[in-house]
Amino acid sequence: MKETRKTKQFETIRSIITNAGRPLSIDEMRKSALEELDSIGLRTVYRAVRRMEEMGEIERIKVQGMAERYELSNIASIHHHHFHCTSCDSLFDIHGCPGGLSELLPKGFTMDSHDILLTGKCNFC
Ligand SMILES: [Zn+2]
Ligand SMILES: [Zn+2]
């Protein structure tokens with residue numbers, strides 16, 4: 001009985017992440033889960049996320065000053081960037097990259113990677 005409930009909670013979180021179409025925070029996952037389940041604790045959401053991370057299904061996105069978001073590994077593995085809506089605090093994927101950033105480097109510098117975060121208002125706000 002207890003196992004069944006746990007499995008259901010895990011599968012709910014997993015399908016929420018899979019179907020979100022954008023990176024989600026723990027709070028967002030819990031909010032969506034509560035539309036399907038009577039109750040789910042933050043710790044349960046964290047546990048499901050840890051498990052999916054360990055299985056290599058999702059990856060953590062760290063953006064300075066923001067709660068961590070998680071996205072599917074098959075999306076994370078393709079180079080892309082994010083848009084942060086400052087009104088509703090949602091993060092969205094931006095597919096594509098301007099490139100050519102190494103031209104900005106001071107002479108003699110080399111670049112290993114880059115991060116680009118666009119901010120503004122999404123079309124829901
Ligand atoms: Zn928004
Ligand atoms: Zn890029």
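Here, the structure is the one placed above.
Read on for an overview of the structure. (Residues numbered from 1 in each chain as written. Chains lettered and ligands numbered in written order. Predicted model: local features only at pLDDT ≥ 70, side-chain atom pairs only at ≥ 80, totals over all residues. Heavy atoms only, no water.)

**Here's the deal with the packing of aromatic side chains**
The relation between two aromatic rings is expressed through the spacing of the ring centres and the mutual angle of the planes. As enumerated under the stated definition, the model contains two aromatic pairs in all. Consider the rings of Phe 83 and Phe 92, whose centres lie 6.5 Å apart with planes at 55°: the pair is tilted. Both residues of the pair, Phe 83 and Phe 92, belong to the buried class. Its relative accessible area of 17% is what places Phe 92 among the buried residues. By way of ring pairs, the aromatic residues Phe 83, Phe 92 and Phe 124 are connected into one cluster. The ring centre of Phe 92 lies 5.3 Å from the NZ or CZ of Arg 22, which sits over that ring. The residue whose ring lies beneath Arg 51 is Phe 10, and the NZ or CZ to ring-centre distance is 3.9 Å. (Phe/Tyr/Trp six-rings, centres within 6.5 Å; stacked < 30°, edge-to-face > 60°. Buried < 20%, exposed > 50% of the residue type's maximum accessible area, 1.4 Å probe, protein only. Lys NZ or Arg CZ within 6 Å of the ring centre and 35° of its normal.)

**A closer look at the pairing of strand S3 (residues 69–72)**
In this structure, strand S1 (residues 24–25) lies alongside S3, joined through two bridges in antiparallel fashion. Along S3, the bridge assignment pairs Ser 25 with Arg 69. Alignment of strand S2 (residues 58–61) against S3, held across four bridges, turns out to be antiparallel. In the strand pairing of S3, Glu 59 is matched with Glu 71. (Pairing = 2+ DSSP bridges. Helix = DSSP H or I, 4+ residues; strand = E, 2+ residues; numbered from the N terminus.)

**Topic: the pattern of salt bridges**
Counted by the stated rule, this structure contains nine salt bridges. For Arg 60, the salt bridge goes to Glu 53, with nearest N and O atoms at 3.2 Å. Exposure remark for Glu 53: the relative accessible area of 22% places this residue in the partly exposed category. As a salt-bridge pair, Glu 68 and Lys 62 come within 3.9 Å of each other at their nearest N and O atoms. (Salt bridge = Lys/Arg side-chain N within 4 Å of Asp/Glu carboxyl O.)

Geometry only, nothing functional implied.
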